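The lines below spell out each chain.
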Amino acid sequence: MAVKTVLESVHDTLWKAMEEDNRVVIMGEDVGAKGGVFRVTAGYLEQFVENRVIDTPLAELAIIGVGIGMAANGMLPVCEIQFADFIHPAFDQIVSEAARIRYRSNNAWGCPMVIRAPYGGGIHGALYHSQSVEAFFAHVPGLKVVIPSTPYDTAGLLYSAIHDPDPVMFFEHKRTYRLIKGEVPDNLYKIPIGKADRKREGRDLTIFTYGLMLHYAIEAAERVAKDGISVEIIDPRTLVPLDIDMILESVKKTSKLLIIHEDNEFCGFGAEVAAIVADKGFAWLDAPIKRLCGPNVPAMPYNHVQQEWFLPGVEDIEAAIRELAEF
Amino acid sequence: MAAKTAKAKKESLELEMLLEWYRQMALIRVFETNAEKAYQEGNIAGYHHVYTGQEAVAVGTFAHLEAKDHIVTHYRDHGHALARGIDPKRAMAELWGKATGTSKGKGGSMHLASRELNFWGGYAIVAAHISLATGIALAEQYRGTDSVTLCIFGDGSTNNGYFHESLNLAAIWELPILFLCENNLYGMWTPAEEVSAVRDMTKKAAAYDIPAKQIDGMNVLNVYQEMQEAIAHIRSGKGPYFVEALTYRYRGHGAGDIEAYRTKEEVGQWREKDPIVQMSRYLTGERGVPEARLEELQAQVEAVVAEAVQFAAESPEPEVESLWQDIYAKPFPDSMSHSQGRS
Ligand SMILES: Cc1ncc(C[n+]2csc(CCOP(=O)(O)OP(=O)(O)O)c2C)c(N)n1
Ligand SMILES: [Mg+2]
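### Considerations on the overall build of chain A
Inference 1: Tallying secondary structure elements over chain A gives 13 helices and 14 strands in all.
Inference 2: What you see for chain A is a C-alpha radius of gyration of 19 Å, in line with the 20 Å of a compact globule of 327 residues.
Inference 3: Here chain A, with 327 residues, has 57% of them falling under the buried criterion.
Inference 4: Taking contacts inside chain A between residues at least 6 apart in sequence as the whole, the part at least 24 apart equals 80%.

### Structural notes on the packing of helix H5 (residues 128-143) of chain B against helix H6 (residues 161-172) of chain B
Between two packed helices, the angle of one axis relative to the other and the distance separating the axes together describe the packing.
Residues and elements named next belong to chain B.
Inference 1: Relative orientation of the contacting elements H5 and H6 amounts to 15°, with a least axis distance of 7 Å. In terms of orientation, H5 lies roughly parallel with respect to H6. For the pair H5 and H6, the sense of crossing is left-handed. From H5, Ala128, Ile130, Ser131, Thr134 and Ala137 reach across to H6, where they touch Tyr162, Phe163, Glu165, Ser166, Leu169 and Ala170.
Inference 2: Partitioning the contact of H5 with H6 into residue classes produces seven nonpolar, three polar and one charged.

### Here we look at the site of ligand 1
Inference 1: Taken together, 19 residues form the shell around ligand 1, and within it Phe86(A), Val126(B), Gly154(B), Gly156(B) and Gly187(B) come nearest.
Inference 2: More than one chain reaches ligand 1: the nearby residues come from chains A and B.
Inference 3: Those elements giving two or more residues to the shell around ligand 1 turn out to be strand E3 (149-154) and strand E5 (186-187) of chain B.
Inference 4: Across the shell around ligand 1, the residue classes break down as eight nonpolar, seven polar and four charged.

### A closer look at the nonpolar core
Inference 1: Grouped together as the largest cluster of nonpolar side chains are 196 residues, with contacts concentrated most on Ala217(A), Cys151(B) and Leu178(B).
Inference 2: For this core, the two domains that each supply at least three residues are domain 1 (2-184) and domain 2 (197-326) of chain A.
Inference 3: Each residue touching Cys151(B), except ones within four places of it in the same chain, is listed here: Val72(B), Ile130(B), Ala133(B), Ile177(B), Leu178(B), Phe179(B) and Leu180(B).

### What about the pairing of strand E1 (residues 70-74) of chain B?
Residue and element names in this part refer to chain B.
Inference 1: The buried fraction of E1 is high, at five of five residues.
Inference 2: In this structure, E1 lies alongside E3, joined through three bridges in parallel fashion. Counted as the bridge partner of His70 is Thr149 from E3.
Inference 3: Relative to strand E2 (residues 119-123), E1 runs parallel, the two sharing four bridges. Bridged to Val72 within E2 is Gly121.

### Quick word on helix H4 (residues 91-98) of chain A
All names here are of chain A.
Inference 1: Within H4, burial applies to Gln93, Ile94 and Ala98. Down the axis of H4, the buried side of the element spans an arc of 100°, and every buried residue falls inside it.
Inference 2: Packing partners of the buried residues in H4 comprise helix H3 (60-72), helix H5 (101-104), strand E5 (114-119) and helix H6 (134-138).

### Regarding the domain arrangement of chain A
Residue and element names in this part refer to chain A.
Inference 1: Assigned domains of chain A: these are domain 1 (2-184) and domain 2 (197-326).
Inference 2: For domain 1 and domain 2, the distance between their C-alpha centres works out to 26 Å.
Inference 3: With 25 residues of domain 1 in contact, the opposing surface of domain 2 contributes 25 residues.
Inference 4: Broken down by secondary-structure element, the contributors of at least two residues to the side of domain 1 that touches domain 2 are H6, strand E6 (144-146) and helix H7 (151-162).
Inference 5: Taken together, the residues of the side of domain 1 that touches domain 2 sort by class into eleven nonpolar, ten polar and four charged.

Thresholds applied
- Residues numbered from 1 in each chain as written.
- Chains lettered and ligands numbered in written order.
- Predicted model: local features only at pLDDT ≥ 70, side-chain atom pairs only at ≥ 80, totals over all residues.
- Helix = DSSP H or I, 4+ residues; strand = E, 2+ residues; numbered from the N terminus.
- Rg over C-alpha atoms; globule rule 2.2 N^0.38 Å.
- Buried ≥ 20, exposed ≤ 12 C-beta atoms within 10 Å, placed from the backbone.
- Contact = placed C-beta atoms within 7 Å.
- Axes fitted to C-alpha atoms, helices over the stretch in contact; angles between N-to-C directions.
- Parallel < 35°, antiparallel > 145°, perpendicular 65-115°, else oblique.
- Left-handed = near helix turned anticlockwise from the far one by under 90°.
- Nonpolar A, V, L, I, M, F, W, Y, C, P; charged D, E, K, R; others polar.
- Near = placed C-beta within 6 Å.
- Core = buried A, V, L, I, M, F, W, Y, C linked by C-beta atoms within 7 Å.
- Domains from an automatic or database assignment.
- Pairing = 2+ DSSP bridges.
- Arc of directions from axis to C-beta.

What follows is the structure, given as structure tokens:
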């Protein structure tokens, strides 16, 4: 086992998956000769034949549309959208075609593709390079939505996604790329899509979170632990399908739920989790379900004070934990 | 005698105009150098794309524009903003993310804008703004004005659906819009010819029967002369025009670009065609402008930029509350405070 960053984990997993199965190809803007804006695919062009590392023009709609056609026709494309913010021109292809092809064809065709997109803020990307887009896609039956948060999870989930028979939206938090390190086995392995992971054991309250916020939540939980507040953290790993059982099991134990995400609150993914727990776990709850999310503003601003305010920080999480713990 | 004075007057006018172009190009160059310095010093962050090398395109084109005309551009927008007359202080403050910036710090480098100047701003979703520009032109046509809408984008954008759909619309509706493609040979790190089926971008305009020409974008006099016809065509109601300006960015795509995709020789060859050097040769040679006059202009723009940097440095950060401003024309009442989310 080696210690890797999230970025290295994506790089190595994709690489090995391509070595193993020649149906796997990657395509996107600047992914080939230049190795990707974040250097995720650095060195690929030297290693693989050119038609497996496809540099595309600046045309997101076509990257996805073409990917869907390839996937339906026997290949396993991994399409990269340079920044999640640029995915919207391809929204139609994803929602109308990728998500429906199996349903409309009565299972005659499927769409085993992966759409990778770095998302999230904290890098001064400003209005068009910082957004979280998971809620849009989580709303669409037919798609799977995966958000890995650690190097270990990234490798296992990406390998599963590549071999999943259905379209998988694979969102990588760009701030975690180089920030988060961890041990990753050398061989390819799968983490099942649809299984959450308990990232921390606790008794007093449950936090549901993913992405960069997961790491902030762990830090905040360590801080309050000194004062005897015991926090359990559930990382869903995949938003669709959602491991409802593990969330309910945890809430049954702690009786309190704090949902944290960077995406804005209104109609965010947390709303669904809150609704499910309110419905299925009502009897166990000792406090209102709380959400700590990005504010409901149209985009993440550039200015650092505003950006920091937009992103829930360790202090914000700590305060929210203390408040809920006291309830 | 009278004729002679008139000629002398015209020449002096023209010279003043040329000197103004020189000043604008020098201003952009110095501004960009200082912006890059501020970036290195950690005062500017995020994605940062400078215009160094391409100055003649903006300056030579904008010289034809009037206050009523519109400019809609992409994220490589510092030079465009300055050439349109945005206060360098407010532009620099925006790069620094300050409350005094053109977008009060919300936008940063890629989204400079000014309503007063009909400068609609830089747009960071590549090619999306081409549709906006098309709509802006349609509104002007509807109102029956002779305003021209200038839409600027790079070679990379011409491979995108927004571009093609918009050109088709502009052609069928004969819209008063100038599509200006600044072909600097690369889209991010990819050579234009690797991702475009045609090298000559004017062929894409030809597909929609839009009159088009390819011009040398490194010489401001040339840009000005070539644009005359295009602007006159549009202003007289004959519909859209497409110009591909061949140009070059001296610096990387953005901050931190290691530029492995091109050679130092190539950059050197283009630097030999430097728009500012060409203009200074012309002015001192053919127009007999003393070197000292150009040095004076240079000193002047350096002072302007130094002042802009100081202004940016001393300006306050925006208030956190401004996060919730300008979302709707009228904010929601408190009872619907989900508009705020976390408070
Ligand atoms: C829709 C979208 N896709 C991708 C990007 C990332 N990106 C930013 S600039 C750029 C290259 C654009 O090249 P070009 O249009 O030639 O403009 P230049 O930078 O050369 O001025 C890319 C791929 C983006 N900002 N928006
Ligand atoms: Mg370009």
